[in-house]
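Coordinate inspection notes
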Amino acid sequence: LQSHFDKAGTYGPESGQQVIKGDVTISAAGVTLRNTLIKGDLLIAKSVGEGNVTFKKVNVEGTTNIKGGGANSITLQDCIFPQINIDKDGVRIVATGNTSVRLVTLESGAIMVEVTLSGTGFEDVVISREVPARSKIDLQGKFADVTTSANVNLNIGRSSSVDTLTLNSGATITGNGSIGTANINAKGVTIAQSPGRTVVATGISASVGGQTVQGSSSSTSGGSSGGSSGGSSDTTPPTFAVSYPMAAGISSTTLDLLI
């Protein structure tokens, strides 16, 4: 079966499923691949440029590497892609229908969109330290875990959400979307939103929801009366700085509780 698609067109059967046992490369814009099981890896090559590629009912057992594509989208419709690596600044990846992507690793800026989704969509997103500083990343949809090790501009769009956001580097977080828990492990973090819970590492300060938050122990939480030890190996009982979001016009209150 054909495993290199270098001309625009629609490939794959109208019904049923074809199986490609090896790797697949797409090197041209305007390719639609449908009803296909790829037993190996999938590459969207740089030669796709700013063009679009569409997948319909495609399952990939290996890793998908995206090095081409632009604002016209790489579209995944009713697809299963266990792991995607993105290394193409500004590429727009759309998950729609019954699509599931377990892990996305970003090595560049990107736009990730979930629309009319019935599957799990993009589950975990890792923004690697390879991403150039101040790159723009836009998330539109519902994301379980997002972790960044690069100083990026991350926008969480309107009606979007991130359950757990872990910041291992300075970063700027904007948008109208919600954040369940923000774990701040580095200096230079600014979060425009007020997460449901904010955990700040010892000796770290950050701007969260227009307020300065300070890590006075191994774990800091906001919006919750409870806390956790954060895994500190110190035998000294930890101090929890518990930050409660207050109503508009009232500053937040920080309680230091020695337990």
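Everything below is about the structure shown above.
This text gives an overview of the structure that appears in the document. (Residues numbered from 1 in each chain as written. Predicted model: local features only at pLDDT ≥ 70, side-chain atom pairs only at ≥ 80, totals over all residues. Heavy atoms only, no water.)

This part covers the overall build of the protein. When its secondary structure is counted, the protein shows 0 helices and 27 strands. Looking at the 259 residues of the protein, the share that counts as buried comes to 46%. In the protein, of all internal contacts separated by at least 6 residues, the share reaching a separation of at least 24 is 11%. By element, 48% of the accessible surface of the protein is carried by carbon and sulfur atoms, the whole surface being about 11600 Å². (Helix = DSSP H or I, 4+ residues; strand = E, 2+ residues; numbered from the N terminus. Buried < 20%, exposed > 50% of the residue type's maximum accessible area, 1.4 Å probe, protein only. Contact = heavy atoms within 4.5 Å. Areas by Shrake-Rupley, 256 points an atom, 1.4 Å probe, with all protein chains shown as cover.)

Right, let's get into the pairing of strand β5 (residues 31–38). Burial runs high along β5: 7 of the 8 residues are buried. Where strand β2 (residues 9–11) and β5 come together, 3 bridges link them in parallel fashion. Within β5, the residue paired with Tyr11 across the bridge is Leu33. Two strands pair when backbone bridges link them, and strand β3 (residues 18–20) and β5 are joined in this way by 3 bridges, in the parallel orientation. Residue pairing for β5: Gln18 is matched across the bridge by Thr36. Direction of pairing for β5 relative to strand β7 (residues 53–60): parallel, over a ladder of 7 bridges. Its bridge partner being in β7, Thr32 is matched across the sheet by Thr54. (Pairing = 2+ DSSP bridges.)

Further remarks concern unusual backbone geometry. Residue Asn35 is not a glycine yet carries a positive backbone phi of 45°. With respect to the secondary-structure elements, Asn35 resides in strand β5. Since its relative accessible area comes to 10%, Asn35 is described here as buried. Backbone geometry at Asp78 places phi at a positive 55°, although glycine is not the residue there.

Moving on: the pattern of salt bridges. Applying the stated rule across the entire model yields 4 salt bridges. Residues Asp6 and Lys7 are paired through a salt bridge, measuring 3.8 Å at the closest nitrogen-oxygen approach. For the salt bridge of Asp87 with Lys67, the shortest nitrogen-to-oxygen distance reads 3.8 Å. On the criterion of sequence distance, the pair formed by Asp87 in the loop between β10 (80–86) and β11 (91–97) and Lys67 in the loop between β8 (63–66) and β9 (74–77) is long-range, its members being 20 residues apart. (Salt bridge = Lys/Arg side-chain N within 4 Å of Asp/Glu carboxyl O.)

Within this structure, the stated rule accounts for 3 aromatic pairs. A centroid spacing of 6.3 Å and a plane angle of 5° characterise the contact between Phe122 and Phe143, whose relative ring orientation is stacked. Remark: Phe143 occurs in strand β16 (residues 142–148) and Phe122 occurs in strand β14 (residues 121–127); sequence separation between them is 21 residues. Looking at Phe143, the relative accessible area reads 2%, which means it is buried. (Phe/Tyr/Trp six-rings, centres within 6.5 Å; stacked < 30°, edge-to-face > 60°.)

We now examine the environment of Val91. Within the secondary structure layout, Val91 lies in strand β11. Distance in space between the C-alpha atoms of Val91 and Gly51 is 9.5 Å, their sequence separation being 40 residues. Filtering out sequence-adjacent residues up to four positions away, Val91 remains in contact with Ile66, Gly68, Gly69, Gly70, Ile74, Ile86, Gly109, Ala110 and Ile111.

With that settled, consider the nonpolar core. Counting residues in hydrophobic clusters, the biggest one holds 59 residues, and the most contacted among them are Phe55 and Phe81. In this view, Phe55 contacts Ile26, Leu33, Leu42, Ile44, Ile74, Thr75, Leu76, Gln77, Cys79 and Phe81; residues no more than four positions away in its chain are not counted. (Core = buried A, V, L, I, M, F, W, Y, C linked by side-chain atoms within 4.5 Å.)

Our next topic: the pairing of strand β23 (residues 205–208). The two faces of β23 differ: Ala206 and Val208 on one face are buried, but Ser205 and Ser207 on the other face are not. Looking at chain direction, strand β21 (residues 189–191) and β23 are connected through 2 bridges and run parallel. Within the sheet, the bridge partner assigned to Thr190 lies in β23 and is Ser207. Bridge count for β23 against strand β24 (residues 211–214) is 4 bridges, and the pairing is antiparallel.

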